[in-house]
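Now for the letters of each chain:
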Amino acid sequence: QVHVVESGGGLVQPGGSLRLSCAASGSIFSINAMGWYRQAPGKQREWVAGLASGGSLNYADSVKGRFTISRGNAKNTVYLQMSSLKPEDTAVYYCNVRLVTTTYWGQGTQVTVSS
């Protein structure tokens, strides 16, 4: 019913930047929040950044000052601008869309930070 698609991942050198995009489509009436999670090899999925319907922005301590979540011009779109990337940022990044009754996930996009 609701599809979530991420894009923008890739290979980048330490200190570089990437911009991830997330678009939700389908039977969406209202979105409570959209956010980003990531899962590195051998680790649990962790929350990275969130954008609430009221406009509040929140970040995990590990990415504060380096990542920026923002709302796109298109409806149901959110971006994650990642700067000063570190090898430990390497992970599959997932977009999360929270409706009133249901939470949806994208398939993920791989971000690899390596020399």
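Quick note: structure is the one above.
Summary of the structure given here. (Residues numbered from 1 in each chain as written. Predicted model: local features only at pLDDT ≥ 70, side-chain atom pairs only at ≥ 80, totals over all residues. Heavy atoms only, no water.)

## Some remarks on the packing of aromatic side chains
Selection rule: Any Phe, Tyr or Trp ring, taking Trp's six-membered ring, that has another such ring centre within 6.5 Å forms a pair; planes under 30 degrees apart are called stacked, those over 60 apart edge-to-face, and the others tilted. Starting at the N terminus, helices and strands are each numbered in turn, a helix being any DSSP run of H or I of at least four residues and a strand any DSSP run of E of at least two. Note on exposure labels: buried denotes an accessible area under 20% of the residue type's maximum, exposed denotes more than 50%, and partly exposed covers the range between, all computed with a 1.4 Å probe on protein chains only. The criterion for a charge sitting over a ring is simple: Lys NZ or Arg CZ within 6 Å of the ring centre, and within 35 degrees of the ring normal.
In this structure the tally under the stated criterion is 1 aromatic pair. On the numbers, 4.8 Å between centres and 65° between planes, the contact of Tyr 37 with Trp 105 is edge-to-face. Of this pair, Tyr 37 sits in strand E4 (residues 33–39) while Trp 105 is found in strand E10 (residues 103–105), placing the two residues 68 residues apart along the sequence. A relative accessible area of 13% places Tyr 37 in the buried class. The ring of Tyr 79 has Arg 19 sitting right over it, with the charged end atom 3.9 Å from the ring centre. Above the plane of the ring of Tyr 94 lies Arg 45, whose end atom (NZ or CZ) is 3.8 Å from the centre.

## A short note on unusual backbone geometry
Even without being a glycine, Asn 76 presents a positive backbone phi close to 60°. Within the secondary structure, Asn 76 is located in the loop between strand E7 (67–71) and strand E8 (77–82). The partly exposed category is assigned to Asn 76, whose relative accessible area is 28%. With a phi angle near 50°, Ser 84 is a residue other than glycine that sits in the positive phi range. Following the sequence through the fold, Ser 84 ends up in the loop between E8 and strand E9 (91–98).

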